[in-house]
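Structural characterization, general
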Amino acid sequence: MKNKIILVLVLVLVGAVVIFALNKEPAEVPEVPFEPENNEQSFNIVSYSEKNELFDITVNYPQFELASEAFNDSIKEFVEDAVKTFKEIAEENWEARKEFDKTLLEYPETPFYFETGWRSAQSNENYISCIINYYSFSGGAHGDSVIKTFNFDVLEQKEISFSDFVGNSQENLNKIAELVKAELENQILSDAEGEQSETLQSMIDEGASPVFKNYENFVFDENNLTVCFQKYQVAPGSFGLLEVEINKNELEELDLPYFE
């Protein structure tokens, strides 16, 4: 009998402990700061939005901790200058439309918009290579897409131009241009015929000719070089922004300094 009483008391005690545990407030879990997938190179994101009756602006761009102040400033200035230009053009376009059409309201039914985006080809203790682009509509017939790339040598603390990337060699640029033009032809000419094909070919030949200015927008990682082209640079606007990726194995004979 005594043993039964002890067993009952033990069961009651265990039950009380379980009930207490279930009703107890959970312990506060501290927040863990977000870390990018590639934590060899940390960066901060500048992010803000501005919206009123005329504008709807969304901005995001990176600032890299291991880069120089001048490099980060160049990213910031590119974006902020684009925002400023967008506002000025949008205001001018809307005022002109109101002057032409007196029935228009004070502001458009839908605000004109501007949005930036970005992606990183690599960001580590050796190199930073990223693309910034924006799309805007400021009241014209079509929206506007613009791309700009930023490349930085962390060890040397200097920006990398395409001339640097190819070892200041026109011969290397010529070889890369051949590969790029061949891939652009695959992307652009596949369904073209007759005069249309000739027109498109001439745009490719001009926009991707072996001139350093044509190849100023590029990014790279340990395996690939990607050349980026502005809207209308190598094809009509309907093709948008175009990119050509080349694996480093195709460039082995060039002995490029940033492909080790």
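As the structure is a computational prediction, the values presented were derived from the model and not from experiment.

To continue, consider the overall build of the chain. Looking only at helices and strands, the chain has five helices and nine strands in total. The buried share of the chain, reckoned over its 260 residues, is 37%. Total accessible area on the chain is roughly 16,200 Å²; 50% of this is exposed by carbon and sulfur atoms.

Moving on, we get to the packing of aromatic side chains. Counted by the stated rule, this structure contains 27 aromatic pairs. Plain terms: the ring middles of Phe 86 and Phe 114 are 5.5 Å apart, the flat faces sit at 45 degrees to each other, and that makes the pair tilted. With a gap of 28 residues between them, Phe 86 in helix H2 (residues 69–100) and Phe 114 in strand S3 (residues 112–123) connect regions that are remote in the sequence. Taking relative accessible area as the criterion, Phe 86 reaches 4% and is therefore assigned buried. Residue classification places Phe 114 among the buried residues on the basis of a relative accessible area of 1%. The aromatic ring of Phe 150 is capped on one face by Lys 148, whose charged end is 5.5 Å from the ring centroid.

Attention now moves to the sheet that holds strand S9 (residues 242–247). A sheet is described by the order of its strands in space; here three strands give the open sequence S7-S8-S9, paired in antiparallel fashion. Only two strands of the sheet have a single partner each, and these edge strands are strand S7 (218–220) and S9. Ignoring strand direction, the axes of neighbouring strands in this sheet form an average angle of 20 degrees. Bridging between S7 and strand S8 (residues 224–229) involves three bridges; their strand directions are antiparallel. Opposite Phe 218, over in S8, you have Val 227 as the bridge partner. Against the sheet, helix H4 (residues 170–188) makes contact with S8 and S9, and its axis sits at roughly 130 degrees relative to S9, the strand it touches most.

So, on to the pairing of strand S5 (residues 144–153). Counting buried residues in S5 gives eight out of 10 residues, a clear majority hidden from the surface. Counted along the chain from strand S4 (residues 127–137) to the antiparallel partner S5, the turn is six residues long, and its residue Gly 139 has a positive phi close to 100 degrees. In this sheet, strand S6 (residues 158–159) lies alongside S5 in antiparallel orientation, the contact comprising two bridges. The residue of S6 that forms the bridge with Asp 153 is Lys 158. Two successive antiparallel strands, S5 and S6, enclose a turn made up of four residues, where Gln 157 displays a positive phi of approximately 55 degrees.

Before going further, it helps to examine the pattern of salt bridges. Counted by the stated rule, this structure contains nine salt bridges. Linking Lys 51 and Asp 56 is a salt bridge whose minimum nitrogen-to-oxygen distance equals 3.9 Å. Here Glu 106 makes a salt bridge to Lys 98, at a shortest N to O gap of 3.3 Å. On the accessibility criterion, Glu 106 (49% relative accessible area) is partly exposed. Note on Lys 98: relative accessible area 15%, which makes it buried.

Turning our eyes to something else, we now look at the sheet that holds strand S2 (residues 55–64). Taken in spatial order, the six strands of this open sheet run S1-S2-S3-S4-S5-S6, and their pairing is mixed. Since the sheet does not close on itself, it has two edges, and those belong to strand S1 (43–51) and S6, each with one partner. Note that S1 and S2 share nine bridges and pair antiparallel. Residue pairing across strands places Tyr 48 opposite Val 59, the latter belonging to S2. H2 contacts S1, S2, S3, S4, S5 and S6 of the sheet and is inclined by roughly 170 degrees relative to S2.

Bringing the confidence of the model for the chain into the picture now. Mean pLDDT for the chain: 86, with 84% of residues reaching 70 or above. Below a pLDDT of 50 lies the segment residues 1–39, which in the model reaches four contacts outside its immediate sequence neighbourhood of four places, other chains included.

Here we come to H4. Spacing of three or four residues puts side chains on the same side of an α-helix, whose turn is 3.6 residues. Counted at 1.5 Å a residue, the expected span for H4 with its 19 residues is 27 Å, and the 26 Å between its end C-alpha atoms agrees. Where H4 begins, the capping side chain belongs to Ser 169, and its oxygen is found 3.3 Å from the backbone nitrogen of Glu 171.

Turning our attention to the nonpolar core. With 32 residues, the main nonpolar core has Phe 165, Val 180 and Leu 184 as its most contacted residues. At the level of secondary structure, the elements contributing two or more residues to this core comprise helix H3 (162–165), H4, helix H5 (194–207), S7, S8 and S9. Per-element tally for this core: the top contributor is H4, with six residues. Non-local contacts of Leu 184, meaning those with residues more than four positions away in its chain, are made with Leu 189, Ile 204, Ala 208, Phe 229, Val 234, Leu 242 and Val 244. Core analysis: the next-biggest nonpolar cluster, separate from the first, contains 27 residues, Ile 57, Tyr 61, Ala 82 and Ile 132 among them.

Definitions and limits used
Counting from 1, residues in each chain are numbered in the order their sequence is written. For this predicted model, a pLDDT threshold of at least 70 governs which residues receive local features, and a threshold of 80 or more governs which side-chain atom pairs are given and counted, while totals over whole chains, interfaces and linings are taken from all residues. Water and hydrogen atoms play no part in the side-chain values, which are based on all heavy atoms of the structure. Working definition: helices are DSSP H or I runs of at least four residues, strands are E runs of at least two. Numbering for both runs from the N terminus. Per-residue accessibility, obtained with a 1.4 Å probe over protein chains only, is compared with the maximum for each type, and a residue is labelled buried under 20%, exposed over 50%, and partly exposed between these values. Throughout, the Shrake-Rupley method with a 1.4 Å probe supplies accessible areas, and for residues the shown protein chains are the sole cover considered. The criterion for an aromatic pair is that two Phe, Tyr or Trp rings (for Trp, the six-membered ring) have centres within 6.5 Å, with stacked assigned to planes under 30 degrees apart, edge-to-face to planes over 60 apart and tilted to the rest. Two conditions define a charge sitting above a ring: the NZ of Lys or the CZ of Arg must be within 6 Å of the ring centre, and it must be within 35 degrees of the ring normal. The criterion for strand pairing is that DSSP finds at least two bridges linking the strands in question. Axis definition: a line fitted to C-alpha atoms, over the contacting stretch in the case of helices. Angles run 0 to 180 degrees between N-to-C directions. In what follows, a contact means two residues having at least one pair of non-hydrogen atoms within 4.5 Å. A pairing counts as a salt bridge when a side-chain nitrogen of Lys or Arg comes within 4 Å of a carboxyl oxygen of Asp or Glu. pLDDT measures the predictor's confidence residue by residue and takes values from 0 up to 100. The span expected for a helix works out to 1.5 Å for each residue beyond the first. Nitrogen and oxygen atoms within 3.5 Å of one another constitute a polar contact, given that in protein one can donate a hydrogen and the other can accept it, and given that sequence-neighbouring residues count only through two side-chain atoms. Think of a nonpolar core as a cluster: buried Ala, Val, Leu, Ile, Met, Phe, Trp, Tyr and Cys residues, connected wherever their side-chain atoms sit within 4.5 Å.

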